[in-house]
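Fold and geometry: a report
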Amino acid sequence: MYPEFKDPYWSLLAQVKRPSRYSGSEWAVNLKKAESERANADVKLSAGLLSSERRSQMLLFCLAFPDVYEIGMSYYGFQLLENLLNNLPNVLSDRVYCPWTDMETLLRKSSLPLVSVENKIPLNLFDAIGFTLQHELSYTNILTMLDLSCIPVRSSDRNSKDPLIIGGGVGAFVPGIISPFFDILCFGDGEEMLPELCSCIIETKGEKREARLDACSKIPGVYVPSIGLNTGVKVKRVFSYCMPPVPDSLIVPSASIVHDRAVVELFRGCSRGCRFCQAGMVTRPVRERKVEEVVEGVNSLIAKTGWEEAGLLSLASCDYTGIKQVLETLSENADKRGRFKISLPSLRMDAFSVELAAGMESVKRGSLTFAPEAGTQRLRDVINKGIKDEDIESSLMFAFSKGWSRIKLYFMMGLPTETEEDLEGIVEIAGRALRIARAQKNKRAEVSVSVAGFVPKAHTPFQWERQNSITELREKGRLIKGKNRNRSVTMNYHSPEQTFLEGVFARGDIRLADALEFAWRDGARFDNWTETFDLDRWNRAFERAQVDTLQYTGERNLSENFSWDFIDMGVTKDFLLRERNSAHSEKYTPGCKTACSGCGLQEHGCNLRGQGMENNDNAAL
Amino acid sequence: MPRYRIFYEKRGPACFIPHIVLPTVLTRAANRASHSKNEDCGLMPIIFQMTEGFSPHAKMSFASELPVGVVALMEPVDIWLTGNLSDSEFKAWSDNMPTGFKLNDFTEIPDGSPSLNKSCPVSEYLLKSSTADRMDSVREALFKIAENKFIDCRDEGEFIRFTVNNSVVALGAIVRELITENAVQGWHELRIVRVRVGAQQ
Ligand code: SF4
Ligand code: SF4
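Residues numbered from 1 in each chain as written. Chains lettered and ligands numbered in written order. Predicted model: local features only at pLDDT ≥ 70, side-chain atom pairs only at ≥ 80, totals over all residues.

**Focus on the overall build of chain A**
Regarding its fold elements, chain A presents 24 helices and 17 strands. For chain A, whose C-alpha radius of gyration is 25 Å, the value lies close to the compact-globule estimate of 25 Å for 621 residues. By its C-alpha atoms, chain A is 70 × 60 × 55 Å across when sized along the principal axes. For chain A, buried positions account for 52% of its 621 residues. Of all intrachain contacts in chain A linking residues separated by at least 6 positions in sequence, the fraction that spans at least 24 positions is 74%. (Helix = DSSP H or I, 4+ residues; strand = E, 2+ residues; numbered from the N terminus. Rg over C-alpha atoms; globule rule 2.2 N^0.38 Å. Buried ≥ 20, exposed ≤ 12 C-beta atoms within 10 Å, placed from the backbone. Contact = placed C-beta atoms within 7 Å.)

Okay, structure coming up:
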């Protein structure tokens with residue numbers, strides 16, 4: 001009568017914080033399809049198993065996000081992959097997120113395995129598990145998820161009955177630290193690699209693990225650490241030359257998540273070339289979606305998913321060629337179809353962007369966020385953030401005059417060549433914002449400043465730079481806070497300890513893998529969450545693994561061969577070096593839409609040269 | 001502006017979706033049901049009447065709060081629409097609910113009828129212990145609590161069926177007492193079904 005009461009997980013759900021993280025009560029087209037397939041008794045998913053004949057032709061693929069549900073569900077790329085996989089022949093995909101520590105404890109106490117969200121299948125029954133690697137500080141969660149599924153955490157300990165453990169996403173571009181834990185790493189866009197990878201996994205079913213991995217390693221963009229280490233062979237990053245189509249549908253959660261909206265990508269890549277920005281460098285070149293496609297995509301997704309909000313996604317969205325047109329058309333549609341809200345993830349700090357935002361009714365009430373990143377013009381030139389003082393002035397003026405009264409400003413500290421003057425500049429800009437507000441008789445105006453410690457990232461022009469120590473960052477954070485005399489300005493800085501750990505990982509190599517495993521065995525979980533982070537644990541692990549962290553966070557020799565150099569990113573090391581030198585001579589490099597600076601992608605069909613890449617038909621390939 | 005009372009069920013892990021997100025779950029499903037494809041079949045979009053004020057939302061009224069982890073078979077919700085709701089529209093709405101949710105029935109509520117809480121003052125539950133060996137102590141404690149607070153409480157197969165007046169005592173308070181009485185350690189040792197919320201029978 002009440003089968004749910006026979007569910008061994010029921011008691012666990014009743015004990016954890018936020019059980020909705022695990023309940024998987026979602027809506028999606030494919031969920032409905034799976035339900036009807038189950039009803040047809042062809043696929044007996046409810047029992048966790050398919051009929052053996054069907055099973056042998058199919059690939060059961062579990063997409064894994066090493067953070068909690070509400071974070072993972074908010075990450076669009078992850079949803080995109082699910083959609084992609086489900087549209088491949090003979091592939092059935094499911095998802096799993098990292099259980100929070102309370103759930104982990106309960107699972108271990110009850111000796112229950114971690115199961116997928118939709119079909120509640122234990123992870124070790126899948127053929128492949130694909131982790132999305134977004135944030136270094138979530139790496140310990142990968143080990144938790146494997147371990148809770150009775151899958152050996154190290155690739156070398158796995159055998160033929162274990163699923164293939166695959167990793168992809170920005171994290172894969174610094175493969176050293178994680179390589180012993182993965183069977184396969186993917187460098188590039190999922191759209192380009194997954195179809196081939198999936199068919200290869202299906203075709204090699206029943207073969208020896210080594211043979212299967214060997215077959216996979218032949219696929220462009222695929223790297224098999226157990227074969228590829230130290231062979232000196234370059235592996236190419238593979239990317240789509242034009243935007244893949246808007247997915248036909250998305251999964252709509254019932255539990256509240258961080259970004260709860262239908263998302264359509266405007267473009268990939270970024271034309272700006274800020275020198276600290278890894279996202280910008282590893283996703284070049286810019287590939288834009290056509291305006292009509294964006295509008296159609298939003299309308300269709302809103303209709304199909306029922307979401308009351310649509311988000312336009314990209315790096316630096318205001319740079320989208322058709323941004324004005326898209327927003328205008330969508331606002332009209334939103335009125336016609338019954339209201340839906342539109343949101344833009346980021347605003348550039350200039351009058352144009354604020355004007356755009358002002359034109360969107362729905363964003364008016366919230367606060368407005370800008371990222372000037374550095375406090376002085378000099379330092380902004382060093383990091384190639386092409387925002388002028390006048391831009392800051394005019395965008396603030398405009399924002400306050402248009403009725404916003406809460407402004408958030410993001411900065412970094414510990415940037416290369418930084419002096420005290422640059423830090424004071426942060427306080428000065430915050431104060432200036434408030435003065436502008438007061439001048440406009442805005443008495444309620446509030447400015448909140450958030451300062452992150454700079455982490456030099458691999459594949460950026462700053463990959464050779466020294467990262468500030470924990471002590472330096474704390475002192476700088478305090479200095480900024482101390483200089484602020486204004487009660488309407490709040491100043492916060494990120495935990496220097498977490499920034500430090502992120503920095504070690506960001507330019508890490510295989511020698512860190514042991515430390516990662518030690519720290520995890522010692523209890524490290526969710527290191528990107530302040531409530532679970534513990535630096536002592538990591539220091540113990542580094543000591544035990546005989547790792548000198550300064551080797552990782554310190555300044556790197558210009559002639560050093562990095563452990564990530566074997567990945568052919570499209571962007572050349574030579575370009576990165578040129579940009580590094582320009583940084584030190586405080587020279588600004590214009591963005592791709594103004595002039596091509598020959599980053600290397602011109603060899604790969606980038607024809608941006610000031611025109612934008614929306615004209616995909618011309619892309620050489 | 002017709003007012004309808006709809007009845008939904010919540011089964012399986014969906015029971016752990018908190019009550020507070022139900023309005024969103026319902027409106028999104030209705031939005032999906034209003035998808036243009038349905039218009040081709042002659043279905044009208046389901047459009048809610050919105051509340052006035054700073055952040056307008058669909059006007060809805062729920063029965064007494066359903067705690068997480070409780071199976072619900074027939075939960076009433078009052079909704080206000082801008083047009084009439086047909087059987088086929090209602091079915092499309094139900095088909096578009098997330099996994100674990102289903103809409104079972106609906107009925108139009110005439111103008112001037114009392115509020116949902118007034119016309120549905122009692123809740124009927126089935127309750128048992130998660131393990132058979134604790135059932136006796138749960139039964140004993142529950143009957144004791146029942147004496148002064150419940151309308152009705154009786155054994156029914158493996159469960160105890162009881163009916164409470166929502167304004168007298170909430171389910172949460174009963175479970176707290178069971179914990180105080182040492183009958184159970186917490187919610188996880190109980191299995192509870194809310195069979196219905198409605199009029200006294
Ligand atoms: S504008 Fe700069 S910081 Fe933003 S995504 Fe582009 S390169 Fe990165
Ligand atoms: S090749 Fe030129 S235009 Fe293309 S991404 Fe590189 S710098 Fe920009």
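**Topic: the overall build of chain B**
Helix and strand counts for chain B come out as six helices and eight strands. The helix and strand sequence of chain B, counted from the amino end, reads β-α-α-β-β-α-β-α-β-α-β-β-α-β. Dimensions along the principal axes, computed over C-alpha positions, put chain B at roughly 55 × 35 × 35 Å. Taken over 201 residues, chain B has a buried fraction of 37%. Of the contacts made within chain B by residues no fewer than 6 positions apart, 76% connect residues no fewer than 24 positions apart.

**Description of the site of ligand 1**
Neighbouring ligand 1 are Cys270(A), Arg272(A), Gly273(A), Cys274(A), Cys277(A), Ala279(A), Gly280(A), Leu315(A) and Ala316(A). Of the residues that constitute the shell around ligand 1, the class distribution is six nonpolar, two polar and one charged. (Near = placed C-beta within 6 Å. Nonpolar A, V, L, I, M, F, W, Y, C, P; charged D, E, K, R; others polar.)

**So, the sheet that holds strand β4 (residues 164-168) of chain A**
Residue and element names in this part refer to chain A. A sheet is described by the order of its strands in space; here six strands give the open sequence β2-β1-β3-β4-β5-β6, paired in mixed fashion. Lying at the two open borders of the sheet, with one neighbouring strand each, are β2 (91-97) and β6 (222-223). Bridge count between strand β5 (residues 184-186) and β6: two bridges; the pairing is antiparallel. Paired with Cys 186 across the strands is Val 222, a residue of β6. Strands in contact with helix α9 (residues 190-203) are β1 (59-65), β2, β3 (128-132), β4, β5 and β6; relative to β1, the strand with the most contacts, it is inclined by about 135 degrees. (Pairing = 2+ DSSP bridges. Axes fitted to C-alpha atoms, helices over the stretch in contact; angles between N-to-C directions.)

**Details of the domain arrangement of chain B**
All names here are of chain B. When its domains are assigned, chain B resolves into domain 1 (3-118) and domain 2 (121-198). Look at where the C-alpha atoms of domain 1 and domain 2 centre, and you get two points 28 Å apart. Every contact between the two is made by 14 residues of domain 1 and, on the other side, 13 residues of domain 2. Looking at the side of domain 1 that touches domain 2, the elements that each hand over two or more residues are β3 (70-80) and α4 (116-119). Among the elements that take part in the side of domain 1 that touches domain 2, β3 stands out by supplying seven residues, more than any other. Residues of the side of domain 1 that touches domain 2, tallied by class, amount to nine nonpolar, three polar and two charged. (Domains from an automatic or database assignment.)

**Examining the sheet that holds strand β15 (residues 446-453) of chain A**
Residues and elements named next belong to chain A. Pairing within the open sheet is parallel, and its four strands lie in the order β13-β14-β15-β16. The sheet is open, and its two borders are formed by β13 (368-373) and β16 (489-493), each paired with just one other strand. Geometrically, the sheet is characterised by an average inter-axis angle of 20 degrees between neighbouring strands, direction not taken into account. The sheet contact formed by β13 and strand β14 (residues 406-413) spans four bridges and is parallel. Bridged to Leu 368 within β14 is Ile 407. Across the face of the sheet, helix α18 (residues 420-439) comes into contact with β13, β14, β15 and β16 while running at roughly 160 degrees to β15.

**A few points about the packing of helix α6 (residues 76-86) of chain A against α9(A)**
All names here are of chain A. Remark: α6 packs on α9, axes separated minimally by 10 Å, with the N-to-C direction vectors making an angle of 40 degrees. Judged on the interaxial angle alone, α9 and α6 are oblique. In this structure, α6 meets α9 at a crossing whose hand is right-handed. Where α6 abuts α9, its residues Leu 81, Leu 84 and Leu 85 lie against Gly 190, Glu 191 and Leu 194. Here the residues of the contact of α6 with α9 sort into four nonpolar, one polar and one charged. (Parallel < 35°, antiparallel > 145°, perpendicular 65-115°, else oblique. Left-handed = near helix turned anticlockwise from the far one by under 90°.)

**A word on unusual backbone geometry**
Across the junction of Arg284(A) and Pro285(A), the peptide omega takes the value -5 degrees, indicating a cis bond. Among the secondary structure elements, Pro285(A) is positioned in the loop between α12 (278-282) and β10 (287-288). For Glu586(A), which is not a glycine, the phi torsion comes out positive at approximately 55 degrees. By the secondary structure assignment, Glu586(A) is in the segment after α24 (573-584). Given 13 C-beta atoms within a 10 Å radius, Glu586(A) is considered partly exposed. Phi at Asn182(B) takes a positive value of approximately 65 degrees, unusual for a residue other than glycine. When you line up the elements, Asn182(B) lands in the loop between α6 (171-180) and β8 (190-198). Given 9 C-beta atoms within a 10 Å radius, Asn182(B) is considered exposed.

**Focus on the interface of chain B and chain A**
Facing the 30 residues of chain B at the interface are 25 residues of chain A. Where the side of chain B that touches chain A is concerned, the elements lending two or more residues are α1 (22-33) and β8 of chain B. Ranked by residue count, the leading element in the side of chain B that touches chain A is α1(B), at five residues. A breakdown of the residues in the side of chain B that touches chain A according to their chemical character gives 15 nonpolar, eleven polar and four charged.

**Description of helix α7 (residues 101-109) of chain A**
All names here are of chain A. Taken as a whole, α7 has its buried residues at Met 103, Glu 104 and Leu 107. Buried residues in α7, looked at end-on, bunch into an arc of 105 degrees, giving them a common side. Considering only its buried residues, α7 is in contact with α1 (10-13), α2 (20-23) and α8 (139-147). Ser 111, located one to two residues past α7, shows a positive phi value of around 50 degrees. (Arc of directions from axis to C-beta.)

**Section: the environment of Glu555(A)**
All names here are of chain A. When you line up the elements, Glu 555 lands in the loop between α23 (550-553) and β17 (567-568). By the C-beta count within 10 Å, which is 12 here, Glu 555 ends up exposed. On a C-alpha basis, the gap between Glu 555 and Val 96 in space is 38 Å, while along the polypeptide they are 459 residues apart. If sequence neighbours within four positions are ignored, Glu 555 has contacts with Trp 464, Glu 465 and Arg 466.

**Topic: helix α19 (residues 470-483) of chain A**
Residues and elements named next belong to chain A. An ideal rise of 1.5 Å per residue puts 20 Å on 14 residues; α19 measures up with 20 Å between its terminal C-alpha atoms. Looking at α19, one finds that the buried residues are Leu 473, Lys 476, Gly 477 and Ile 480. What you see down the axis of α19 is that its buried residues fit within an arc of 100 degrees, all on one side. Those residues of α19 that are exposed and aimed more than 90 degrees away from the buried face are Thr 471, Arg 478 and Gly 482. (Expected span 1.5 Å × (residues − 1).)

**Remarks on the confidence of the model for chain A**
Detailed reading of the predicted model is not advised wherever pLDDT is low. All names here are of chain A. Across chain A, pLDDT averages 90, with 92% of residues at or above 70. Across residues 38-48, confidence stays below pLDDT 50; counting only partners more than four residues off in sequence or on other chains, it has 17 contacts. Note that pLDDT drops below 50 for residues 610-621; the model gives that stretch 28 contacts with residues more than four away or on any other chain. (pLDDT = per-residue confidence, 0-100.)

**Some points on the pairing of β14(A)**
Residue and element names in this part refer to chain A. Looking at chain direction, β14 and β15 are connected through eight bridges and run parallel. If you follow Met 412 over to β15, its bridge partner there is Ala 452. Once you follow β14 into α18 and on to β15, the crossover reads as right-handed. (Right-handed = clockwise from strand over helix to strand, strands pointing away.)

**Quick notes on the packing of α8(A) against helix α21 (residues 512-521) of chain A**
All names here are of chain A. In contact at an axis separation of 10 Å, α8 and α21 are set at 65 degrees when each is read in the N-to-C sense. Handedness of the α8/α21 crossing: right-handed. Where α8 abuts α21, its residues Tyr 139, Thr 140 and Leu 143 lie against Leu 516, Glu 517, Ala 519 and Trp 520. Of the residues in the contact of α8 with α21, the class split is five nonpolar, one polar and one charged.

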